[in-house]
There are 2 protein chains.
Amino acid sequence: MSGLYAVILAGGSGTRLWPFSRQNFPKQLLKLSQDGQYSLLQETIRRIESRISPENMIFLTSEHLVPQIRSQISEYLGDASKLCRIVGEPLARNTGPAILLGALIVHSRDPDGLVLALPSDHVIEDVSAFSRAIDTSLDAARDGFIVTYGIRPARPETGYGYIRAGERVGSVYRVDRFEEKPGPERAREFFEDPDYSWNSGIFLFSANAILEEAGKHRPDLLKQLEGIDLEHFTNIREIFESIDPISIDYGIMEKTARAAILPTTMGWSDLGSWDSFHETGVKDDKGNVVSGNVICLDTTDSLLLESGKVMAVSGMKDVIVVDTDDALLVCPRGRSQDVKMVVARLDKEGMREHIDHPLVRRPWGTYLVLDEGAGYKVKKIVVEPGQKLSLQLHKHRSEHWVFVKGEAVVVCDEEVKTVGVNDRIFVPAGVKHRVINDGTVPAEFIEVQYGDYLEEDDIIRFEDVYGRID
Amino acid sequence: MSGLYAVILAGGSGTRLWPFSRQNFPKQLLKLSQDGQYSLLQETIRRIESRISPENMIFLTSEHLVPQIRSQISEYLGDASKLCRIVGEPLARNTGPAILLGALIVHSRDPDGLVLALPSDHVIEDVSAFSRAIDTSLDAARDGFIVTYGIRPARPETGYGYIRAGERVGSVYRVDRFEEKPGPERAREFFEDPDYSWNSGIFLFSANAILEEAGKHRPDLLKQLEGIDLEHFTNIREIFESIDPISIDYGIMEKTARAAILPTTMGWSDLGSWDSFHETGVKDDKGNVVSGNVICLDTTDSLLLESGKVMAVSGMKDVIVVDTDDALLVCPRGRSQDVKMVVARLDKEGMREHIDHPLVRRPWGTYLVLDEGAGYKVKKIVVEPGQKLSLQLHKHRSEHWVFVKGEAVVVCDEEVKTVGVNDRIFVPAGVKHRVINDGTVPAEFIEVQYGDYLEEDDIIRFEDVYGRID
């Protein structure tokens, strides 16, 4: 019997939950649950790991996100993460090409393999209902149906697509009709009609079935995707450049006669906006969703998220206040879509607050700029256990390091020495250096840079374990 | 002819413009004008300096604020600031004791001296109107009137006291009646009645006159204050502990038959709340008062102040958002008095965000904590030209310094050397050290502390030019 595979969609622009999400740190990487233990991506793995083994998990993401996706998978799965497949898409081409590429990878290993295609940035509170839905629909998928999971609407939402269930076939229903995001009146009709569900964007199908349907309805696209070298993906950029973006719904699901729906209730939310975050969040007795150090006086039905300092909110109603180290959002509930305009404005003005968090992730760890001024910059640098920075030099700056946690091996010119807390190192401009953490705890140091040019591109690398030398 | 003196009230709790103002950095120290050049205290000096010389200026403030008040006066007046008298009150006793103490100081030098008593945290936009008002009332003050300046009401404000003008006497009017803060209906009546003015809290009187009236209406208080040693203030704590707080209005003005009023229009505001700040601020075409890096979409009639990061506000109306490095306030316009409750809550919860700004001022300069963690703390330290830290040692921490601006003389154990940018110094625990800036620009360095105890009280001082050794 053929296996079950997951095609996990882990791209995204990082716009909708700004300022928590950023271009280089989109929603699926956020640890949004109450306990903050797992990111949405990790929760997605957690939801399927009992039935899908790591070697059957295929992640599709944007090329620039691959290191962070890999790091989060590794944080969750440990060594087994090396069995997962992570594909970096050089350009965003919507869900159609991504899902079909995933199906092609599965097909190359197991033509009858069943594929669970799912976004990595949704919340599903009732994981057993999710599991039961998959069990219920396995036969239909084996029979060639492309099963989509419908969510019984909780409200007349105008932000989602709807699907109308038709004739019953076994444990699923044929799809009668896809409906685009409706106006308020139609949304109300759909909400009251038991045949309508929200489109969750989660699918189950056999690799064979979806590729047959792609061949029928999108033959050009399929042919282009079939040209991709599935071993080394050497030509993926060239091919992605030549294809048009298209959603799987528009490209295949709305065309195929094999679309089926299984209506479910599984505590699903796409967390597609701060409004949706408030909607699904745990509320206090005033209807507020609050996190962080918040002083909340006479305030109701609001979303108040603070990370790091004190937020005092008094006398407000239906407001969204989301604060981070470098950016603050304030808007009324119901207007959280405005964040798109905010991000567009930031982009237009050449700012960076929609692209990165102040905490910058690197393959070896992280750094955070603590302060900068004329001629100097202060960073806190964390090197994870088992990681090493490249052997490098800077032409325009000296670096002063003071170690404050763990131990590291420091290479500086000809000298190699092990340093620990309260040790200091001076690296003059022009001197080759490297930091290696071969310990078991993170090594942390404070770096004071001094020089006439302090940008990241003043770096000459001589050796790098992460392949960052061209 | 007797001279003109200023008694400048520069105490205050730092509550009303929180989070900009703090207990240790109240409103008069804030640089709130568009260009941010002068603080309200400095603007107060600027307003009177053409007619009152520094040696005739007497500042009354809270004891703990003396260094900062002195520093701002010095920043504005330079060397002449040494001629000013600054009196630190050990306890807050309201305006009555402060003004009478100021009058006693003047009286001891010049019994017929005229005293202009004025708060240091108000805004007066029309300085020539202010000057004209003083000119107009000089004769009345010489004739023994205690002149208060009334402000023609701009709106039916319920937050101020009102004064009704009575019979005209020369260029001023006798005070007919003082009215406490009225309800909305009475405020409307007062607003429509041309005889009523707001009580500005600015007074002009001869030292003789006010002390005579104090002797008549508050003989006990006057006697207590007369016991204060006006040369060295050695017994001021003991005496302040024995007196009751009382405002000059309630204590003298409402009792005396010599109260006069001069109604004026001088663009006055007490900036007593964020609402008042919005009311008097320069508005954009949507009625918003905006400062800092603010992205403002479809937002009207709001006060949006950002210091340091990006604030995005969309779809809001009549909102106050004030953000600082460590604290954020969000409330509707009209509710800015709520900030008192916020500060009370911070105090109750043992927090610090209502007491100090992250930037800590010292007699020799400033420091800012950039980062802290287990066993370490990172500070940026600025030593002003001509200043020196105490000769000191720490028992529990080592310090690593990297200089990033200016030059300094560093004493470390037996060694004395001059250091400049990109130089580093290591001060082990237990070693006596000192930093002296005898240059002409600020000296800045990054300090990484490492040790098992990192609080400010791990300091043993051997020499200190600021008298901080008991």
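Each residue is numbered by its place in its chain's sequence as written, counting from 1. Chain labels run from A onward and ligand labels from 1 onward, assigned in the order the entries are written. Side-chain atom pairs in this predicted model are given and counted only at pLDDT of 80 or more, local residue features only at pLDDT of at least 70, and totals for whole chains, interfaces and linings cover all residues. Based on all heavy atoms of the structure, the side-chain values leave hydrogens and waters out of the count.

## Some points on the overall build of chain A
Runs of H or I in DSSP of at least four residues are treated as helices and runs of E of at least two as strands, each being numbered from the N terminus. Summing up its helical and strand segments, chain A has 11 helices and 28 strands in all. Dimensions along the principal axes, computed over C-alpha positions, put chain A at roughly 75 × 60 × 40 Å. A total of 470 residues make up chain A; the buried ones form 56% of that total. For chain A, restricting intrachain contacts to residue pairs at least 6 apart in sequence, the fraction spanning at least 24 positions comes to 69%. For every accessible area listed, the method is Shrake-Rupley and the probe measures 1.4 Å; residues are considered covered only by the protein chains on display. Counting every atom, chain A has about 19700 Å² of accessible surface; 46% of that belongs to carbon and sulfur. For the purpose of counting charges, residues Lys and Arg are taken to be positive, whereas Asp and Glu are taken to be negative. His and the chain ends are not included. A single reference atom marks each charge: NZ on Lys, CZ on Arg, CG on Asp, CD on Glu. Between the mean site of the 54 positive side-chain charges and the mean site of the 74 negative ones, chain A shows a separation of 1 Å. Accessibility here uses a 1.4 Å probe with only protein chains present; expressed as a share of the type maximum, an area under 20% marks a residue as buried, one over 50% as exposed, and anything in between as partly exposed. We call two residues in contact when some of their heavy atoms are within 4.5 Å.

## Things to note about the pairing of strand β23 (residues 408–412) of chain A
Residue and element names in this part refer to chain A. Counting buried positions along β23 gives five out of five residues, so the element sits mostly inside the fold. By the alternation rule, side chains of β23 split into Ala408, Val410 and Cys412 and Val409 and Val411, which are all buried. Paired strands, in this sense, are two strands between which DSSP finds at least two bridges. Across five bridges, β23 lies against strand β24 (residues 415–419) in antiparallel orientation. If you follow alanine 408 over to β24, its bridge partner there is valine 419. Hairpin connection between β23 and β24: a loop of two residues separates the two successive antiparallel strands, and aspartate 413 in this loop has a positive phi of roughly 60°. For β23 and strand β26 (residues 433–436), the ladder comprises four bridges, and the chain directions are antiparallel. Bridging from a neighbouring strand, valine 410 pairs with valine 435 of β26.

## Digging into the interface of chain B and chain A
One frequent convention defines the size of an interface as the accessible area lost when the parts assemble. Between chain B and chain A, the contact holds 54 residues from the first and 54 residues from the second. In this assembly, chain B packs against chain A so that about 4500 Å² is buried in total across both faces, 65% of it on carbon and sulfur atoms. Within this document, salt bridges are pairs made up of a side-chain nitrogen of Lys or Arg and a carboxyl oxygen of Asp or Glu, the two lying within 4 Å of each other. Across the contact surface, chain B and chain A share six salt bridges. Between aspartate 298 of chain B and arginine 335 of chain A there is a salt bridge, with its nearest N and O atoms 2.8 Å apart. In the analysis that follows, any N or O atom pair within 3.5 Å is treated as a polar contact, provided that within protein one partner can donate a hydrogen and the other can accept it, and provided that, for residues neighboring in sequence, both atoms belong to side chains. Linking chain B with chain A are 24 residue pairs in polar contact (both at pLDDT 80 or more), by the criterion used here. If one sorts the elements of the side of chain B that touches chain A by residue count, strand β17 (residues 327–332) of chain B sits on top with six residues. Charged means Asp, Glu, Lys or Arg here, nonpolar means Ala, Val, Leu, Ile, Met, Phe, Trp, Tyr, Cys or Pro, and polar covers whatever is left, Gly included. Here the residues of the side of chain B that touches chain A are counted per class, giving 33 nonpolar, seven polar and 14 charged. The term buried area means the drop in 1.4 Å probe accessible area that two parts suffer when joined, counted for both and summed.

## Description of the environment of leucine 305 of chain B
Residue and element names in this part refer to chain B. Relative to the helices and strands, leucine 305 is located in strand β14 (residues 303–306). For the pair leucine 305 and isoleucine 295, spaced 10 residues apart in the sequence, the C-alpha separation amounts to 11 Å. Residues contacting leucine 305, with those up to four places away along its chain left out, are Phe20, Trp274, Phe277, Val289, Ser291, Met311, Val321, Val322 and Asp323.

## Side note on helix α4 (residues 127–142) of chain B
All names here are of chain B. Compared with the 22 Å implied by 1.5 Å per residue over 16 residues, the 23 Å span of α4 between its first and last C-alpha is a close match. Within α4 the residues assigned to the buried category are Ala129, Phe130, Ser131, Ala133, Ile134, Ser137, Leu138, Ala140 and Ala141. Positive backbone phi, at 100°, marks glycine 144, one or two positions downstream of α4. Take the residue count of a helix, subtract one, and multiply by 1.5 Å to get its expected span.

## Side note on empty space enclosed by the protein
Cavities and pockets were defined on a 1 Å grid built from protein atoms only: a cavity is a group of points that admits a 1.4 Å probe but offers it no way out, a pocket is an open group of points flanked by protein on both sides within 12 Å along at least five of seven lines, and a lining residue is one with an atom within 4 Å of any such point. Grid points are joined across faces, edges and corners, and a volume is the space filled by probe spheres set on the points. Summed over all chains, the structure comprises two cavities of 30 Å³ or more. If you go around the largest cavity, the residues you meet are His400, Trp401, Val402, Arg424 and Ile425 of chain A together with His400, Trp401, Val402, Arg424 and Ile425 of chain B. Contributing elements (two or more residues each) for the lining of the largest cavity: β22 (397–405) and β25 (424–427) of chain A together with β22 (397–405) and β25 (424–427) of chain B. When its residues are assigned to classes, the lining of the largest cavity shows six nonpolar, two polar and two charged. In this structure, the second largest cavity is lined by Arg47, Leu118, Pro119, His122, Ile124 and Ile202 of chain B. Here the residues of the lining of the second largest cavity are counted per class, giving four nonpolar, one polar and one charged.

## Let's talk about the relation of the copies chain B and chain A
Superposing the two chain copies requires a rotation about an axis and a translation along that axis. Least-squares superposition aligns the copies on the C-alpha atoms of those residues with pLDDT at or above 70 in both. Between chain B and chain A, the superposition needs a rotation of 180° and an axial shift of 0.0 Å, giving an RMSD of 0.1 Å. In short, the pair behaves as if placed about a two-fold rotation axis. Scanning chain B for the C-alpha nearest the rotation axis identifies leucine 370 of chain B, at a separation of 2.9 Å. Of the residues that chain B buries at the interface, 100% are likewise interface residues in chain A, meaning the two copies contact each other through the same surface.

## Details of the sheet that holds strand β27 (residues 443–451) of chain A
Residues and elements named next belong to chain A. One open sheet accounts for six strands, arranged β18-β19-β20-β27-β22-β25; its pairing is antiparallel. Each edge of the open sheet is held by one strand with a lone partner, namely β18 (359–362) and β25. Strand-to-strand, the axes of this sheet are offset by a mean angle of 25°, without reference to chain direction. Pairing of strand β20 (residues 376–383) with β27 involves eight bridges; the strand directions are antiparallel. Bridge pairing links isoleucine 381 to phenylalanine 445 in β27. Note on definitions: angles span 0 to 180 degrees between N-to-C directions of axes, and those axes are lines fitted to C-alpha atoms, for helices only across the stretch in contact.

## Considerations on the packing of aromatic side chains
Each aromatic ring pair is characterised by the separation of its centres together with the angle its planes make. When the centres of two rings from Phe, Tyr and Trp lie within 6.5 Å, Trp using its six-membered ring, the rings pair. Their planes under 30 degrees apart give stacked, over 60 give edge-to-face, and anything left gives tilted. For the structure shown, the criterion picks out 22 aromatic pairs over all chains. With a centroid separation of 5.1 Å and 80° between ring planes, the pair formed by tyrosine 38 of chain A and tyrosine 76 of chain A is classed as edge-to-face. Of this pair, tyrosine 38 of chain A sits in the loop between β1 (4–9) and α1 (40–48) while tyrosine 76 of chain A is found in helix α2 (residues 66–77), placing the two residues 38 residues apart along the sequence. Ring centres of tryptophan 198 of chain B and tryptophan 268 of chain B lie 6.2 Å apart, and the angle between their planes is 55°; this geometry places the pair in the tilted category. Taken as a pair, tryptophan 198 of chain B in strand β9 (residues 196–206) and tryptophan 268 of chain B in strand β11 (residues 268–269) lie far apart in primary sequence, 70 residues in all. Residue tryptophan 198 of chain B shares its accessibility class with tryptophan 268 of chain B, and that shared class is buried. Over the face of the ring belonging to tyrosine 250 of chain A we find lysine 255 of chain A, whose NZ or CZ atom lies 4.2 Å from the ring centre. We call a charge positioned above a ring when the Lys NZ or Arg CZ atom is no farther than 6 Å from the ring centre and deviates by at most 35 degrees from the ring normal.

## A few points about the sheet that holds strand β13 (residues 294–297) of chain A
Hydrogen bonds between backbone atoms are what pair the strands of a sheet, whose relative direction is either parallel or antiparallel. Spatial strand order, β13(A)-β15(A)-β17(B)-β16(B)-β14(B)-β12(B): six strands in an open sheet with mixed pairing. The sheet is open, and its two borders are formed by β13 of chain A together with β12 (289–291) of chain B, each paired with just one other strand. With strand direction ignored, the average angle separating the axes of adjacent strands in the sheet is 10°. The sheet contact formed by strand β16 (residues 319–323) of chain B and β17 of chain B spans five bridges and is antiparallel. Looking at β17 of chain B, one finds that valine 321 of chain B is bridged to valine 330 of chain B. Across the sheet, helix α11 (residues 339–348) of chain B touches β13 and β15 (310–314) of chain A together with β17 of chain B, and the angle it forms with β13 of chain A is around 135°.

## Brief notes about unusual backbone geometry
Residue proline 19 of chain A is bonded to the preceding tryptophan 18 of chain A through a cis peptide linkage, with omega at 5°. Residue placement: proline 19 of chain A occurs in the loop between β1 and α1. With phi around 55°, aspartate 318 of chain A is a residue other than glycine that occupies positive phi space. Tracing the sequence through the fold places aspartate 318 of chain A in the loop between β15 and β16 (319–323). Judged by its relative accessible area of 28%, aspartate 318 of chain A is partly exposed. With a phi angle near 75°, asparagine 422 of chain B is a residue other than glycine that sits in the positive phi range. Position of asparagine 422 of chain B among the secondary structure elements: in the loop between β24 (415–419) and β25.

## Notes on the confidence of the model for chain A
pLDDT is a residue-level measure of predictor confidence that goes from 0 to 100. Scored by pLDDT, chain A has a mean of 94; 99% of the residues are at 70 or more. As scored by the predictor, the complex reaches a pTM of 0.87 and an ipTM of 0.86.

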